[in-house]
Amino acid sequence: QYEILFCINDESDPSIMLVNRLMEKYPNVDAKVFIGGMKVGVNPKINNMQLGYEAAKYDLFLVSDSGIRMKEDTLLDMVFSMKEDTGLVHQMPFTCDGKGFPAILEKVYFGTAHARIYLSADFFRINCPTGMSALMRKKPLDEVGGIKAFAQYLAEDFFFAKSFTDRGWKLRISSQPAWQNSGHCDIAGFRNRVTRWGKLRFAMVPHTIFFEPLSECFFLGIFVAWSANFLFSWDFFVLYLVHVLVWFLLDWILLCIIQNGSLPFSKGDFVVAWMIRESSALYLYLSALFDPTIRWRSGNYRLKWGGIAEEIKPKL
Ligand SMILES: CCCCCCCC/C=C\CCCCCCCC(=O)N[C@@H](CO[C@@H]1OC[C@@H](O)[C@H](O)[C@H]1O)[C@H](O)/C=C/CCCCCCCCCCCCC
Ligand SMILES: O=c1ccn([C@@H]2O[C@H](COP(=O)(O)OP(=O)(O)O)[C@@H](O)[C@H]2O)c(=O)[nH]1
C-alpha cells in the first residue's frame with residue numbers, strides 16, 4: 001500500500017497540470033499535490049517537501065526527485081532492501097539514455113568516476129547516500145524533529161544518513177540505480193552540478209579534499225608510475241600508459257555492468273567522453289575548491305565548515 005505526495009515549489013510550474021491530469025486518469029491511486037511548500041529553513045528542497053512530509057501517513061517515506069524515473073518494480077526493490085536493521089535505502093545515481101553529447105558525458109561520469117567513489121565509499125561504510133532517491137524509516141526521523149530539523153543544511157541527504165547511522169541504523173544500496181531522466185542536459189548544467197556537489201562534500205567532510213584526487217586516474221597514475229620507477233626502475237611513461245589503459249578498460253566494464261543492457265553510444269563516443277571527463281576532473285575539482293558560492297536553481301548559498309548553509313540574498 002502506498003500514497004504519492006507531489007510537492008511542487010512554484011505555482012506556475014506546468015507540471016501541476018500534468019499531475020492533475022494523471023490524478024484524474026488514475027482516481028484509485030491515493031495521491032495529493034502540495035504547492036508552494038513551507039519555509040522552515042535554508043534548504044529549498046526541504047521547504048518544498050515539508051507539507052508532503054507532514055501529510056505522509058505510512059512508516060516508510062521515499063524522497064524521489066523530480067528527474068527520477070521509477071520503473072514498475074523500483075519501489076518493491078527498495079522496500080525489499082530495507083531489512084530490520086536498515087534505516088535508509090538509497091539508489092546509486094545513474095542516467096537514462098538521452099540524445100546528444102552532454103547525455104553521453106553524464107552517463108559516462110555517473111557510470112565510471114561517480115560510481116567508483118560511490119560504491120567504494122559504500123563498501124568502506126562511509127556515509128555517501130545522495131538524496132535523489134532515498135527510502136527512509138519515518139519514525140526515527142520524527143524522533144529528531146522530522147525533515148525540518150535538517151533544513152539548515154544544503155546537503156540534507158548527508159545529514160539524514162548521518163542521523164540514522166549515529167543511532168545504529170544501517171544504510172543500504174538497492175539493486176537498481178537511480179535513473180535520472182531530466183529532459184534537458186547541457187555541459188554548463190553538468191559542470192555546475194558536479195562542482196556544487198563537490199563544494200558540499202568539501203565543506204562537510206574536508207578530508208575528501210585530499211582523498212578525491214587520489215581516486216582520479218590521471219592524477220593517481222603519476223604516483224603509481226613514479227613510485228614504480230623509483231622502486232624497480234621501470235619506465236615512467238610506459239607504466240603511466242599501462243595504468244591509464246587498464247583503468248580505462250575497467251571503467252568500460254563497470255559502465256556496461258551498471259547499464260545492464262546495450263549502451264546508446266559507440267565505443268568511439270565512449271573514448272571521447274571518457275577522455276574529456278578524466279581531463280576536466282582537475283579543473284572541476286579546483287573550481288569547486290576555490291569558488292565557495294553554491295548556485296542551486298534560483299538560489300545562491302554559502303556553506304560554513306560542517307555544512308550549515310546561509311542564503312546569499314542578491315544585492316538590490
Ligand atoms: C584510496 C582511495 C580509495 C577510494 C575510497 C573512496 C573515497 C571516497 C571519497 C569520497 C566518497 C564520496 C562519494 C559520495 C558521492 C556523493 C555524491 C554527492 O556529492 N552528493 C551530494 C549532493 O547530493 C545532492 O544534494 C542536494 C540534494 O537535494 C540532492 O537531492 C542530492 O542528490 C551530497 O549532498 C553529499 C554527500 C556527502 C558525501 C560525503 C562523503 C564523505 C566521504 C569521506 C571520504 C573519506 C575517504 C576515506 C578513504 C578510504
Ligand atoms: O529550489 C529548489 C531546488 C531543488 N528542489 C528539488 O530538489 C530536487 C533536486 O533538485 P536538483 O535536481 O536541482 O538537484 P541535484 O540533483 O542537481 O542536486 C528536485 O526534485 C527539485 O524539485 C526544490 O524543490 N527546490
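Residues numbered from 1 in each chain as written. Chains lettered and ligands numbered in written order. Predicted model: local features only at pLDDT ≥ 70, side-chain atom pairs only at ≥ 80, totals over all residues. Heavy atoms only, no water.

**Overview of the site of ligand 1**
Taken together, 25 residues lie near ligand 1, and Lys45, Asp65, Glu156, Asp157 and Arg201 sit nearest. Within the side chain of Arg201, one N or O atom sits 2.6 Å away from an oxygen atom of ligand 1. Tallied by class, the residues present in the shell around ligand 1 amount to 14 nonpolar, six polar and five charged. (Near = heavy atom within 4 Å. Polar contact = N/O pair within 3.5 Å; in protein donor to acceptor, adjacent residues only side chain to side chain. Nonpolar A, V, L, I, M, F, W, Y, C, P; charged D, E, K, R; others polar.)

**Thoughts on the UniProt feature "transmembrane region" (unreviewed entry) in the protein**
Taking the UniProt record as the reference, the feature "transmembrane region" (unreviewed entry) is found at residues 209-231, 237-258 and 270-290. Taken end to end, residues 209-231 is 91% helix and 0% strand, and its first and last C-alpha atoms sit 28 Å apart. Across residues 270-290 one finds 100% helix and 0% strand; the C-alpha atoms that close the span lie 30 Å apart. (UniProt positions renumbered as here; feature names shortened; annotations may be inferred. Helix = DSSP H or I, 4+ residues; strand = E, 2+ residues; numbered from the N terminus.)

**Topic: the packing of helix H4 (residues 101-111) against helix H5 (residues 113-123)**
Relative orientation of the contacting elements H4 and H5 amounts to 25°, with a least axis distance of 3 Å. As judged from the angle between their axes, H4 and H5 are roughly parallel. Counted together, Val108, Tyr109, Phe110 and Gly111 of H4 and Ala113, His114 and Ala115 of H5 form the full contact between these two elements. (Axes fitted to C-alpha atoms, helices over the stretch in contact; angles between N-to-C directions. Parallel < 35°, antiparallel > 145°, perpendicular 65-115°, else oblique. Contact = heavy atoms within 4.5 Å.)

**Considering the nonpolar core**
Among the nonpolar cores identified, the biggest contains 37 residues, and Phe94, Val108, Tyr109, Leu255, Phe265, Phe270 and Trp274 are the most heavily contacted of them. Looking at this core, the elements with two or more residues in it are H4, H5, strand S9 (178-180), helix H8 (187-204), helix H10 (217-232), helix H11 (236-259) and helix H12 (267-290). Of all the elements, H11 adds the most residues to this core, at eight residues. What Phe94 contacts, discounting residues up to four positions off in sequence, is Lys107, Phe110, Gly111, Pro177, Ala178, Trp179, Gln180, Leu255, Ile258 and Gln259. Within the second largest apolar cluster, 31 residues are counted, among which are Ala56, Ile147, Leu200 and Leu303. (Core = buried A, V, L, I, M, F, W, Y, C linked by side-chain atoms within 4.5 Å. Buried < 20%, exposed > 50% of the residue type's maximum accessible area, 1.4 Å probe, protein only.)

**Some remarks on the site of ligand 2**
Every residue near ligand 2 is listed here: Asn9, Pro44, Lys45, Asn48, Asp65, Ser66, Arg193, Arg196, Trp197, Trp296 and Arg297. Within the contact set of ligand 2, a nitrogen atom lies 2.9 Å away from a side-chain nitrogen or oxygen of Asn9. Within the contact set of ligand 2, an oxygen atom lies 2.7 Å away from a side-chain nitrogen or oxygen of Asn48. With the chains in place, 83% of the 520 Å² that ligand 2 exposes on its own is no longer accessible. Its residues assigned to classes, the shell around ligand 2 comprises three nonpolar, three polar and five charged. (Areas by Shrake-Rupley, 256 points an atom, 1.4 Å probe, with all protein chains shown as cover.)

**Some thoughts on the pattern of salt bridges**
A full pass over the atoms with the stated rule returns 18 salt bridges. Measuring nitrogen to oxygen at the nearest pair gives 2.8 Å for the salt bridge that ties Lys45 to Asp65. In this pair, Lys45 sits in helix H2 (residues 44-55) while Asp65 sits in the loop between strand S3 (60-64) and strand S4 (68-69), placing the two residues 20 residues apart along the sequence. The partly exposed category is assigned to Asp65, whose relative accessible area is 27%. Between Asp291 and Lys199 there is a salt bridge, and its shortest N-O distance comes to 3.7 Å. Pair noted here: Asp291 is in the loop between H12 and strand S10 (294-296) and Lys199 is in helix H8, with a separation of 92 residues, a long-range link. The class for Asp291 is partly exposed, based on a relative accessible area of 27%. For Lys199, a relative accessible area of 10% gives the class buried. In the salt-bridge network here, residues are joined through shared partners; they are Glu3, Asp30 and Lys57. (Salt bridge = Lys/Arg side-chain N within 4 Å of Asp/Glu carboxyl O.)

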